[in-house]
Amino acid sequence: GLKLLGAAFSSATRGDVEKIVSDAFDKDPAENPRILFDEWAPTYDKELLSWGYTAHVRVATFLAEAGLGAGERVLDVGCGWGIGGIWCAKRFGAAVTSVDADPNVFPYLDVVADLNGVRTEHLVRRFERITTRELERYDLLIGADICFWDELTAPVANLVNRAIKAGVGEILIGDPERSPFLTMAERCIDRHGGELLEWCTRGALAARGTLLHINNR
């Protein structure tokens, strides 16, 4: 199965973590590496679950059931630490581009990717700066870790519009049912069709949310 960040840090050396802190925050890692290594990092996965950020689980579950063709090109937008895209690379051997506006996420993403024996291409880009021409390269667009603030409703909806125009075959965006996501999803479905799939996980992954799925193949 996919190994998440807490496990990655738990198995890394202190030197590995210090380098990640230094690269990500551009400061002397000696200030607080022990706090990060010994206290915060091992609890990260539990915090994700307590916050309800399990959209990457639903995206992965959907793709595990539907399948993904060999050599599919995947664009993981608003990737954060890249769990959704890394899963596609590990499970299906997909060629993944991980996109985020914040360059500081990529040292963490690389830890998760290394732990899972895969690599993804990095792209620092805001949603509104991803062009139709760039989108033409991809078969699947996923969004499994987008922080849906109110101001992101229009940029993400417009990105979906461009993806449809570019011929991206399938779009999957998950969220724990925050209102900006639902507004975005409704706009996209009104314009392009598609479906909203509710999910509920149980046990250690107890959470609920919704997946926007548009089939453009």
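Our subject is the structure listed above.
Worth saying up front: this structure is predicted, and the values here are computed from it rather than measured. (Residues numbered from 1 in each chain as written. Predicted model: local features only at pLDDT ≥ 70, side-chain atom pairs only at ≥ 80, totals over all residues. Heavy atoms only, no water.)

Novice: Go over helix α6 (residues 83-92), please, and point to the residues and values.
Specialist: A large share of α6 lies buried, amounting to 7 of its 10 residues. Phi turns positive one or two residues past the end of α6, at Gly93, with a value near 70°. (Buried < 20%, exposed > 50% of the residue type's maximum accessible area, 1.4 Å probe, protein only. Helix = DSSP H or I, 4+ residues; strand = E, 2+ residues; numbered from the N terminus.)

Novice: Can you break down the side chain of Thr153 residue by residue, with the values?
Specialist: Relative to the assigned elements, Thr153 resides in helix α9 (residues 153-166). Engagement of the side chain of Thr153 in a polar contact is seen with the backbone oxygen of Asp150, the distance being 3.3 Å. Not counting chain neighbours up to four residues away, the residues in contact with Thr153 comprise Pro180, Thr183, Met184 and Arg187. (Polar contact = N/O pair within 3.5 Å; in protein donor to acceptor, adjacent residues only side chain to side chain. Contact = heavy atoms within 4.5 Å.)

Novice: Could you give an account of the packing of aromatic side chains, with specific residues and numbers?
Specialist: In this description, an aromatic ring pair is defined by two values, namely the gap between the centres and the angle between the planes. The tally for this structure, following the rule as stated, stands at 2 aromatic pairs. Relative to Phe92, the ring of Trp87 lies with its centre 5.4 Å away and its plane at 80°, an arrangement referred to as edge-to-face. Taking relative accessible area as the criterion, Trp87 reaches 13% and is therefore assigned buried. When the ring of Phe148 is compared with that of Phe181, the centres are 5.4 Å apart and the planes differ by 70°; the resulting orientation is edge-to-face. Pair noted here: Phe148 is in the loop between β4 (140-143) and α9 and Phe181 is in helix α10 (residues 179-192), with a separation of 33 residues, a long-range link. For Phe148, a relative accessible area of 3% gives the class buried. The class for Phe181 is buried, based on a relative accessible area of 0%. (Phe/Tyr/Trp six-rings, centres within 6.5 Å; stacked < 30°, edge-to-face > 60°.)

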